[in-house]
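# Analysis of the macromolecular model
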Amino acid sequence: MAEIIKGPKGVPVYLPPQSATFLAVREALTSPARHAGYGYIELPVYEDTSLFVRGVGESTDVVSKEMFTFTDRGERSITLRPEGTAGVMRAVIEHGLDKGQLPVKIYYAAPFFRAERPQFGRYRQLQQVGIEAIGGDDPALDAEVIALADEGYRSLGLSKYELRITSLGCANCRPAYRALLQDFLRGLELDVETQERARVNPLRVLDDKRMEVQRQLTHAPLQVDHLCADCAEHYRLVKHYLLLLNVPFVEFPRLVRGLDYYTRTTFEFDHPLLGAQSGIGGGGRYDGLMTELGGAPLSGIGFGLGTDRTMIACDAEGLTVGDPARCDVFLVPLGSEAKDYAVRLAGQLRRVGVRVDMAYGDRALKGSMKAADRSGARYAVVIGDRELADRALPLKSLATGEQELVPADSLVQTIVGNLEA
RNA sequence: GCGGUCGUAGCUCAGCUGGUAGAGCGCCGCGUUGUGGUCGCGGAUGUCGCGGGUUCGAGUCCCGUCGAUCGCCCCA
């Protein structure tokens, strides 16, 4: 026997019927964006490596050790996208969307790639839903973006997650705070690796999960206490609009994100039931990114929501998401004449939008009924010589077991009517 | 990249201190005429992750490897 080829490591596979949940979650997370004027964007899965190095930031873990990078036949360095924002910015700049009506509002649902050690909820190919609103400083826009994420989660029935927000300041006030924090960190007892992090990206140290580190951070200076007047007012208004939108949140001054481009408003959705990988989504403002990538000096804000992790969160909260039924109606033909009839009927029903499957392979009635049951269909229709002679078919409800005889001519109409009821 | 745990039928797992494999679920069939889901009976399916070693003999011990999983770093 030939050797079985295995799938790539750390990539989740969604098979029926669970894959229906994946589709439903993705739909739930993208739907709010479509209701707020965001248009869909389809982008390359790979980009020039320098896009991510410049956009995401060289000092980030994502860029320094988690990228799938290779050289193509033209000796160009190519990278499978590790996140979505940089690619969106590139496309916006390249195609001049920033020259049109602002803000540019865009959403996507796509796979991303990170060469990490796989774990539960952490994959090498991860699915994310994201939106970007480019060319707007208005704090109401920040609140909209956050609210759309919240709406996505809420529409799935999730209730146990927590929205955390803070402000990271801007190019004016961040450097001073950063220096202040570095001074503070220098006075602590930290291991070499953490000291290095304090030098390169001091904010990241605030996020350390280790008790011995957290203990020393009790009195660490926080960015929210050192915002410039503009940033403080912006942050105040974001919270104001979130209240108007009825989006519950907690202020989380220690919130740190892994990508370098974030400024001002930053947020994260955390789900306590997921263990170590508790972040189900996050995002923030990136006011310097466009210019960093050679575009017009436009600010922007967006989010990335983990589709995989949201599925896990739904499962953890015991939510049933998506319809696992493969069809609405299952046809059971007995004999070749009935089979002709069933094939034709299946075609007719599908054309009017009814999901139909039928018993193939000339199975015995009993086996076919079993298949009907397993299909999740609401109705079964047995078609045999009697039905063909009488021109009337039994429409059987698989839930109740009751069946009514329906004239052949009105069967399609009756089924459509019953399914809509 | 680092540390822990695990890897037996499609799925969930049992298999005590080494003696040539089991259960439940699922799947297929039967319970006489054309009706599924419950019940009863019957049946198929495993190179016990892979490679090597110890042994008369290994699913069971040792080493390696791959994979999964939990934690760290980090992140969706």
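Just so it is clear, the model here is predicted, and its values are computed rather than measured.

### A short note on the overall build of chain A
Within chain A, the regular secondary structure consists of 16 helices and 16 strands. With the C-alpha coordinates aligned to their principal axes, the bounding extent of chain A is approximately 90 × 60 × 45 Å. Scored against the burial criterion, the 421 residues of chain A give a buried share of 49%. Residue pairs at least 24 apart in sequence account for 70% of intrachain contacts in chain A once pairs closer than 6 positions are excluded. Averaged over its 49 positive side-chain charges, chain A has a centre that lies 4 Å from the centre of its 56 negative ones.

### Some words on the domain arrangement of chain A
Per the domain assignment, the segments making up chain A are domain 1 (18–173 + 227–316) and domain 2 (329–420). Its C-alpha centre places domain 1 at a distance of 47 Å from the equivalent point of domain 2.

### Some remarks on the sheet that holds strand 2 (residues 46–48)
Across the sheet, 3 strands lie side by side as 2-4-3; this open sheet has antiparallel pairing. The two strands at the open ends of the sheet, each matched to only one other strand, are strand 2 and strand 3 (68–71). For this sheet, the mean inter-axis angle between neighbouring strands, taken without regard to orientation, is 35°. As defined by bridge partners, strand 3 adjoins strand 4 (residues 77–80) across 4 bridges and the pair is classed as antiparallel. Its bridge partner being in strand 4, Phe68 is matched across the sheet by Leu80. Each of strand 2, strand 3 and strand 4 is contacted by helix 2 (residues 49–56), which is oriented at about 80° to strand 2, the strand it contacts most.

### Side note on the nonpolar core
The biggest cluster of nonpolar side chains holds 46 residues, and the ones touching the most others in it are Tyr38, Ile146, Phe267 and Phe269. For this core, the element with the most residues is helix 5 (residues 139–155), which contributes 8 residues. With sequence-adjacent residues up to four places away left out, Phe269 is seen in contact with Ile146, Ala149, Asp150, Tyr153, Tyr161, Glu162, Leu163, Ser278, Gly279, Ile280 and Gly281. Residues Val63, Ala91, Ile106 and Ala110 belong to the second largest nonpolar core, which totals 42 residues.

### As for the protein's contact with RNA strand B
The local shell around RNA strand B holds 47 residues, among which Arg114, Phe120, Arg122, Gly258 and Arg374 are the closest. If you look at RNA strand B and keep only atoms within 4 Å of the protein, 54% of those are sugar or phosphate atoms. Between Asp373 and RNA strand B, the recorded distance is 2.9 Å, taken from a side-chain N or O atom to a base nitrogen. At 2.3 Å, a backbone N or O of Leu398 approaches a base nitrogen of RNA strand B. Looking at the surface near RNA strand B, the elements that each hand over two or more residues are helix 3 (61–65), strand 6 (125–134), strand 10 (279–285), strand 11 (300–306), helix 14 (365–375) and helix 15 (385–390). Residues of the surface near RNA strand B, tallied by class, amount to 11 nonpolar, 12 polar and 24 charged.

### Examining the sheet that holds strand 1 (residues 39–40)
Here 8 strands make up an open sheet; going across it, the order is 1-5-6-11-10-9-7-8 and the pairing mixed. Only two strands of the sheet have a single partner each, and these edge strands are strand 1 and strand 8 (250–251). Taken together, the 2 bridges between strand 7 (residues 162–167) and strand 8 define a ladder with parallel strand orientation. Its bridge partner lying in strand 8, Ile165 is registered against Glu251.

### Brief notes about the side chain of Asp150
Relative to the helices and strands, Asp150 is located in helix 5. Its relative accessible area of 2% is what places Asp150 among the buried residues. In contact with Asp150, other than residues within four places in its own chain, are Tyr161, Val247, Pro248 and Phe269.

### Focus: the packing of helix 5 against helix 10 (residues 229–244)
Running from N to C, helix 5 and helix 10 point in directions that differ by 45°, and their axes come no closer than 8 Å. Judged on the interaxial angle alone, helix 10 and helix 5 are oblique. Relative to helix 10, the crossing made by helix 5 is right-handed. Residues Pro139, Ala140, Asp142, Ala143 and Ile146 of helix 5 lie in contact with helix 10, whose contacting residues are His234, Leu237, Val238, Tyr241 and Leu242. Looking at the contact of helix 5 with helix 10 residue by residue, the classes come out as 8 nonpolar, 1 polar and 1 charged.

### Regarding the pairing of strand 15 (residues 392–397)
The element strand 15 is extensively covered by neighbouring structure, given that 5 of its 6 residues are classed as buried. Pairing geometry for strand 14 (residues 379–383) and strand 15, over 3 bridges, is antiparallel. Within strand 15, the residue paired with Tyr379 across the bridge is Ser397. For strand 15 and strand 16 (residues 403–407), the ladder comprises 5 bridges, and the chain directions are antiparallel. Pairing of Pro394 across the sheet is with Leu405, part of strand 16. What sits between strand 15 and strand 16 in their antiparallel hairpin is a turn of 5 residues, with Gly401 showing a positive phi close to 85°.

### So, helix 6 (residues 174–186)
Here helix 6 contains 13 residues, and its C-alpha end-to-end distance of 18 Å stays within 8% of the 18 Å for a straight helix at 1.5 Å per residue. Regarding helix 6, the residues found buried are Arg174, Tyr177, Leu181, Gln182 and Leu185. An end-on view of helix 6 places all buried positions within 140° of arc, on one side of the element. Projecting away from the buried face of helix 6 at angles above 90 degrees are the exposed residues Ala176 and Arg186. Looking at the packing, one finds that the buried side of helix 6 touches helix 7 (192–200), helix 8 (202–205) and strand 9 (263–270).

Definitions and limits used
- Residues numbered from 1 in each chain as written.
- Chains lettered and ligands numbered in written order.
- Predicted model: local features only at pLDDT ≥ 70, side-chain atom pairs only at ≥ 80, totals over all residues.
- Heavy atoms only, no water.
- Helix = DSSP H or I, 4+ residues; strand = E, 2+ residues; numbered from the N terminus.
- Buried < 20%, exposed > 50% of the residue type's maximum accessible area, 1.4 Å probe, protein only.
- Contact = heavy atoms within 4.5 Å.
- Lys, Arg positive; Asp, Glu negative; His and termini not counted.
- Charge placed at Lys NZ, Arg CZ, Asp CG, Glu CD.
- Domains from an automatic or database assignment.
- Pairing = 2+ DSSP bridges.
- Axes fitted to C-alpha atoms, helices over the stretch in contact; angles between N-to-C directions.
- Core = buried A, V, L, I, M, F, W, Y, C linked by side-chain atoms within 4.5 Å.
- Near = heavy atom within 4 Å.
- Polar contact = N/O pair within 3.5 Å; in protein donor to acceptor, adjacent residues only side chain to side chain.
- Nonpolar A, V, L, I, M, F, W, Y, C, P; charged D, E, K, R; others polar.
- Parallel < 35°, antiparallel > 145°, perpendicular 65-115°, else oblique.
- Left-handed = near helix turned anticlockwise from the far one by under 90°.
- Expected span 1.5 Å × (residues − 1).
- Arc of directions from axis to C-beta.

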